[in-house]
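# Close look at the chain arrangement
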Amino acid sequence: MVAAKPQLEAAVVTYPGFEDIAALEVNELIGAKAAAAKAGIVEFQARNPLDLCKLCYLSQSASQVLLQGLQVNPFDLGIREHAVFGKSDDLPGSLAYLLLRASGYTADKFLFDPFTRSGAIAIEAALFSSGFPVNHYRKDALSSALSRLPQLRGVDFEAIFSKAEKETAIMAKRRLKG
């Protein structure tokens, strides 16, 4: 008899009221269906710890990724490195992404934001449409922190991130074709 692979109790933390969009993104990125979503937490079963690495690297909606209740990511995933004007009242990147997706935006649509201040919504639209990883410029910090987890020791993060980038580029091309 073949033993089933163990599932990992995992979750992403997002903004309350946007759990359905975060659950959709989890499904799009790693193929996991959300089991429960409430109070800003989307729970799911990860197939392996590498799924969590992929979420930390690619998720636009999450501020945290949790494995069995413990935070996996070393920094707030909702904060982006693209702070154009760097004001304290700028819209966090993850919230800008969630608002964008809640509006029904798709990659094949034109986006016009006449009330932009920080440009966060337009930048998140570009990241979503292009498939460019939101944490591309923080992958060294991310891989350093993730390698400290016992489940991820010895993992080649560069290979994982490279594969994830290729997969999201393919998804982005499909989005653009409508």
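Higher on the page you've got the structure.
Report follows, based on the coordinates. (Residues numbered from 1 in each chain as written. Predicted model: local features only at pLDDT ≥ 70, side-chain atom pairs only at ≥ 80, totals over all residues. Heavy atoms only, no water.)

## Considering the overall build of the chain
To keep things clear, this is the line we draw: Secondary structure elements are defined from DSSP: runs of H or I of at least 4 residues count as helices, runs of E of at least 2 residues count as strands, and each element is numbered from the N terminus. Based on C-alpha atoms, the radius of gyration is set beside the globule rule, defined as 2.2 Å times the residue count to the power 0.38. A simple rule labels every residue: compare its accessible area, found with a 1.4 Å probe on the protein chains alone, to the largest value its type can have, and call it buried under 20%, exposed over 50%, or partly exposed in between. Working rule for contacts: check all heavy atoms of both residues, and any pair within 4.5 Å makes them a contact. What sets the accessible areas is the Shrake-Rupley method with a 1.4 Å probe; for residues, cover comes only from the shown protein chains. Charge counting follows a simple rule: Lys and Arg are positive, Asp and Glu are negative, and His as well as the terminal groups are ignored. To locate a charge, the coordinates of NZ of Lys, CZ of Arg, CG of Asp or CD of Glu are taken.
Along the backbone of the chain there are six helices and five strands. Overall, the chain shows an N-to-C arrangement of helices and strands of β-α-β-β-α-β-β-α-α-α-α. Scaling as 2.2 N^0.38, a compact globule of 178 residues should have a C-alpha radius of gyration of about 16 Å, and the chain matches this with 16 Å. Along the longest, intermediate and shortest principal axes, the C-alpha atoms of the chain span 60 × 30 × 30 Å. By the burial criterion, 46% of the 178 residues in the chain qualify as buried. When contacts within the chain are restricted to residue pairs at least 6 apart in sequence, long-range pairs at least 24 apart make up 68% of them. On the chain, roughly 9,700 Å² of surface is accessible, and the fraction owed to carbon and sulfur atoms is 59%. Computed over 20 positive and 19 negative side-chain charges, the inter-centroid distance for the chain is 5 Å.

## Quick word on unusual backbone geometry
For Ala-39, which is not glycine, the phi dihedral falls at a positive 50°. With respect to the helices, strands and loops of the structure, Ala-39 is situated in the loop between β2 (34–38) and β3 (41–46).

## Examining helix α3 (residues 93–102)
Extensive coverage of α3 is indicated by the burial of eight of its 10 residues. Listing the buried residues of α3 in full gives Gly-93, Ser-94, Leu-95, Ala-96, Tyr-97, Leu-98, Leu-100 and Arg-101. For α3, the secondary structure elements touched by its buried residues are α1 (19–30) and α4 (120–130). Just downstream of α3, Gly-104 is the residue with a positive phi angle, here 90°.

## Some points on the nonpolar core
Convention followed: Only buried residues count toward a nonpolar core. Its members are Ala, Val, Leu, Ile, Met, Phe, Trp, Tyr and Cys residues joined through side-chain atoms within 4.5 Å.
Of all hydrophobic cores here, the largest spans 32 residues; its most connected members are Val-12, Phe-44, Leu-52, Leu-55, Val-65 and Leu-146. Contributing elements (two or more residues each) for this core: β1 (8–13), α1, β3, α2 (49–58), β4 (64–67), α5 (139–146) and α6 (157–177). Discounting chain neighbours no more than four positions away, the residues touching Val-65 are Ala-11, Val-12, Leu-52, Leu-55, Cys-56, Leu-70, Gln-71, Val-72, Asn-73 and Leu-77.

## Some points on the pattern of salt bridges
Filter applied, for reference: When a carboxyl oxygen of Asp or Glu lies within 4 Å of a side-chain nitrogen of Lys or Arg, that pair is called a salt bridge.
If you walk through the whole model with that rule in mind, you get six salt bridges. One salt bridge connects Arg-47 with Asp-51, and the closest N-O pair in it is separated by 3.2 Å. Classification of Arg-47 as partly exposed rests on a relative accessible area of 46%. Among the ionic pairs, Arg-80 bridges to Glu-124, the shortest N-O distance being 2.9 Å. Placement of Arg-80 in the loop between β5 (70–71) and α3 and of Glu-124 in helix α4 is noted, with a sequence separation of 44 residues between them. Where salt bridges share partners, they join Lys-139, Glu-158 and Glu-165 into one cluster.

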